Amino acid sequence: QVQLVESGGGLVQAGGSLSLSCAASRRILTANAMGWYRQAPGKQRELVAAITSGGTTKYADSVKGRFTISRDNAKNTVYLQMNSLKPEDTAVYYCNAGAYGSGSYYPKDYWGQGTQVTVSS
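Just so we're clear, the structure is a prediction, and the values are computed from it rather than from any experiment.

Trainee: Can you tell me about the state of the cysteines, naming the residues and giving the values?
Mentor: Put plainly, two cysteines are in a disulfide when a covalent bond ties their sulfur atoms together. Within this structure, the stated rule accounts for 1 disulfide. The partner cysteine of C22 in its disulfide is C95, sulfur to sulfur 2.0 Å. Every disulfide takes its handedness from the sign of the S-S torsion; for C22 and C95 that torsion is -80 degrees, giving left-handed. Here C95 lies in strand β9 (residues 91-101) and C22 lies in strand β3 (residues 18-23), a separation of 73 residues in the sequence.

Following this line, the structure appears as structure tokens:
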């Protein structure tokens with residue numbers, strides 16, 4: 001029905017910054033919470049950050065203070081600003097549309113193709 005398209009990944013040295021973007025349809029963006037996940041080789045896909053339709057945010061402990069999720073409904077885009085990057089942040093980052101309730105994010109079956117983030121030491 002809809003597609004999510006991630007962009008902005010790349011290679012960066014430790015301590016650097018990257019900004020990821022997720023383009024989504026207006027209808028899915030306004031009706032859903034949105035989340036950023038990442039998956040490193042040999043590891044489970046994990047939730048990095050989530051944002052509700054009202055702007056409430058949630059972050060994994062590992063990225064608190066370094067990453068910021070935001071949304072601009074007028075631009076049909078969700079962002080993930082990543083600062084002070086570490087080698088352990090290396091992963092494929094995926095955008096997801098889901099639901100947020102009772103303090104938890106619940107992914108729906110709407111995923112982008114992912115964008116690779118590689119942080120060198």
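Trainee: Tell me about the pattern of salt bridges, residues and numbers included.
Mentor: Counted by the stated rule, this structure contains 4 salt bridges. Across the pair E46 and R38 runs a salt bridge whose closest N-O atoms are separated by 2.8 Å. The exposure class of E46 is partly exposed, given its relative accessible area of 33%. Close ionic contact of D61 with K64 constitutes a salt bridge, the shortest N to O distance being 3.1 Å. As far as burial versus exposure is concerned, D61 and K64 are alike and both exposed. A single salt-bridge network, built from bridges that share partners, covers R38, E46, R66 and D89.

Trainee: Explain the pairing of β9 to me, and be specific about the residues and the numbers.
Mentor: Where burial is concerned, most of β9 is hidden: 8 out of the 11 residues are buried. Two elements, strand β4 (residues 33-39) and β9, share 7 bridges in a ladder whose sense is antiparallel. Bridge pairing links Y37 to Y94 in β9. Pairing analysis gives 3 bridges linking β9 to strand β11 (residues 115-120), with the strands arranged antiparallel. Considered in β11, the bridge of Y93 is made with T115. When β9 meets strand β10 (residues 104-111), the two strands line up antiparallel, connected through 5 bridges. Each residue of the ladder has a partner; that of Y100, found in β10, is Y105. Turn length for the β9-β10 hairpin, with the two strands adjacent in sequence and antiparallel, is 2 residues, and the turn residue S102 shows positive phi of about 55 degrees.

Trainee: Please provide a residue-by-residue account of the environment of T52, values included.
Mentor: Take T52: it is sitting in the loop between β5 (46-51) and β6 (57-59). Taking the relative accessible area as the measure of exposure, T52 reaches 13% and is therefore buried. Sequence-distant contacts of T52, defined by excluding residues within four places in its chain, comprise A33, R71 and Y100.

Trainee: Which residues make up the packing of aromatic side chains, and what are the values?
Mentor: Tallied over the entire structure, the rule returns 3 aromatic pairs. Aromatic side chains Y37 and W111 sit 5.1 Å apart centroid to centroid with 65 degrees between the ring planes, which places their arrangement in the edge-to-face category. In this pair, Y37 is assigned in strand β4 and W111 in strand β10, connecting sequence segments 74 residues apart. Using a relative accessible area of 8% as the deciding quantity, one classes Y37 as buried. A relative accessible area of 29% means that W111 is categorised as partly exposed. A network of ring pairs unites the aromatic residues Y37, Y94, Y105 and W111 as a single cluster. In this arrangement the basic side chain of R45 is found over the ring face of W111, its NZ or CZ atom lying 4.8 Å from the centre.

Conventions adopted
Residues numbered from 1 in each chain as written. Predicted model: local features only at pLDDT ≥ 70, side-chain atom pairs only at ≥ 80, totals over all residues. Heavy atoms only, no water. Disulfide = S-S within 2.5 Å. Helix = DSSP H or I, 4+ residues; strand = E, 2+ residues; numbered from the N terminus. Salt bridge = Lys/Arg side-chain N within 4 Å of Asp/Glu carboxyl O. Buried < 20%, exposed > 50% of the residue type's maximum accessible area, 1.4 Å probe, protein only. Pairing = 2+ DSSP bridges. Contact = heavy atoms within 4.5 Å. Phe/Tyr/Trp six-rings, centres within 6.5 Å; stacked < 30°, edge-to-face > 60°. Lys NZ or Arg CZ within 6 Å of the ring centre and 35° of its normal.

Nothing here speaks to function; it is all geometry.
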